[in-house]
Amino acid sequence: MAAIRSVGVFCAASESIDKAFVEQARLVGSLIGNKGLTLVYGGAAAGLMEATAAAAKECGARIVGVFPQVLIERNRVSTLLDERVVTQNLSDRKDNILSRSDVLVALPGGVGTVDEIFHVAAALTIGYHSKRVILYNVNGFWDKMLEFLQGLQQQGFIRARFDALFGVANNIRELDALLDEGC
Ligand code: AMP
């Protein structure tokens, strides 16, 4: 396995969430910075995205924000970015984040995050790439989705090896260990 150098992070844009999630996002950002990795993410000055990027930057990470033109028009782009990548729309943004990252990590999030997780997993199942999504499962956030996915596999709807599609980190130590495994 090759060493991981860049981590794509998917996470909530919402600000109306429990502060415990903000703390967890900061932990993930700090981990990325302390490991000397590059953070690739949605680039918006909002929610867990900004919390992750701020902590990552404080700990020395290079920060790459990938965002659609519409975010500039709405003045929502983070000022923390070392590199700005402007995309046409949300679809090419997902491909861009995917191609710039060695592995993807999904923090708690809403429909945007869920869309990003499945975009990466679906592309893997038909062989476009071999990058998995690590679900950062703090407080069992992703448990219900994992249960649903495991049911799909048991019934034969998912044929790929589950651990090739998804990793699960229940806390920051487990995430650290999975990132050390490489890609
Ligand atoms: P959500 O999980 O619905 O809060 O969406 C957040 C995720 O989707 C992030 O990982 C972003 O890449 C993308 N996204 C959705 N909405 C926005 C937004 N308003 N600004 C920036 N990125 C967004």
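Before any of the text, the structure's been laid out above.
In short, a report on the structure.

Cut-offs used in this document
Residues numbered from 1 in each chain as written. Predicted model: local features only at pLDDT ≥ 70, side-chain atom pairs only at ≥ 80, totals over all residues. Heavy atoms only, no water. Near = heavy atom within 4 Å. Polar contact = N/O pair within 3.5 Å; in protein donor to acceptor, adjacent residues only side chain to side chain. Areas by Shrake-Rupley, 256 points an atom, 1.4 Å probe, with all protein chains shown as cover. 1 Å grid on protein atoms, 1.4 Å probe; cavity = no way out; pocket = protein on both sides within 12 Å on 5 of 7 lines; lining within 4 Å. Sits in = over half its atoms within 2 Å of the grid points. Helix = DSSP H or I, 4+ residues; strand = E, 2+ residues; numbered from the N terminus. Nonpolar A, V, L, I, M, F, W, Y, C, P; charged D, E, K, R; others polar. Core = buried A, V, L, I, M, F, W, Y, C linked by side-chain atoms within 4.5 Å. Buried < 20%, exposed > 50% of the residue type's maximum accessible area, 1.4 Å probe, protein only. Contact = heavy atoms within 4.5 Å. Pairing = 2+ DSSP bridges. Right-handed = clockwise from strand over helix to strand, strands pointing away. Points joined across faces, edges and corners; volume = space filled by probe spheres on them. Salt bridge = Lys/Arg side-chain N within 4 Å of Asp/Glu carboxyl O.

It is worth spelling out the site of the ligand at this point. The environment of the ligand is made up of 16 residues, and the closest members are Ala13, Gly110, Gly112, Thr113 and Glu116. Interatomic distance of 3.2 Å between a backbone N/O atom of cysteine 11 and an oxygen atom of the ligand. At 2.8 Å, a backbone N or O of glycine 112 approaches an oxygen atom of the ligand. When the ligand sits alone it has 480 Å² of accessible area, and the protein chains cover 78% of it. Under a 2 Å grid-point criterion requiring more than half of the atoms, the pocket assigned to the ligand is the largest pocket. In terms of residue count, the dominant contributor to the shell around the ligand is helix H5 (residues 111-125) (four residues). Residue composition of the shell around the ligand, grouped by class: eight nonpolar, six polar and two charged.

Membership of the largest hydrophobic core comes to 38 residues, with the highest contact counts inside it found for Val7, Val9, Leu175 and Leu179. Taken together, the elements giving at least two residues each to this core come down to strand S1 (6-10), helix H1 (19-34), strand S2 (38-41), helix H2 (47-58), strand S3 (62-68), strand S5 (103-106), strand S6 (133-136) and helix H8 (172-181). No other element matches H2, which puts six residues into this core. Grouped together as the second largest cluster of nonpolar side chains are 23 residues, Phe10, Val64, Ala106 and Leu146 included.

Structurally, glycine 167 is set in strand S7 (residues 166-169). Setting aside chain neighbours within four positions, we find glycine 167 in contact with Arg132, Val133, Ile134 and Leu135.

Counted residue by residue, S1 has five buried out of five residues, so it is predominantly covered. As defined by bridge partners, S1 adjoins S2 across three bridges and the pair is classed as parallel. From the neighbouring strand, glycine 8 faces S2, where its bridge partner is valine 40. On the question of chirality, the crossover connecting S1 to the parallel S2 by way of H1 is right-handed. Across four bridges, S1 lies against S5 in parallel orientation. Residue valine 7 lies in a different strand from S5, and its bridge partner there is valine 103.

What follows deals with the layout of surface pockets. By volume, the largest pocket amounts to about 420 Å³. For the largest pocket, the lining is made up of 24 residues, of which Ala13, Met49, Leu90, Arg93 and Gly112 are closest to its centre. Among the elements of the structure, S1, helix H3 (69-73), helix H4 (90-100) and H5 are those that each provide at least two residues to the lining of the largest pocket. Among the residues making up the lining of the largest pocket, the classes are represented as 12 nonpolar, six polar and six charged. Taken as a whole, the second largest pocket spans an internal volume of roughly 240 Å³. In terms of lining residues, the second largest pocket is bounded by 15 residues, among which Met1, Ser130, Arg132, Asp163 and Ala164 are the most central. Secondary structure elements with two or more residues in the lining of the second largest pocket: helix H7 (162-165) and H8. For the lining of the second largest pocket, a count of residues per class yields seven nonpolar, two polar and six charged.

With that out of the way, let us pick up the pattern of salt bridges. The full count for this structure, using the stated rule, is nine salt bridges. For arginine 26, the salt bridge is made with glutamate 58, and the minimal N-O distance between the two is 2.8 Å. One end of the pair, arginine 26, is in helix H1; the other, glutamate 58, is in helix H2, and 32 residues separate them in sequence. What you see here is one network of salt bridges that share partners, running through Lys35, Asp176 and Asp180.

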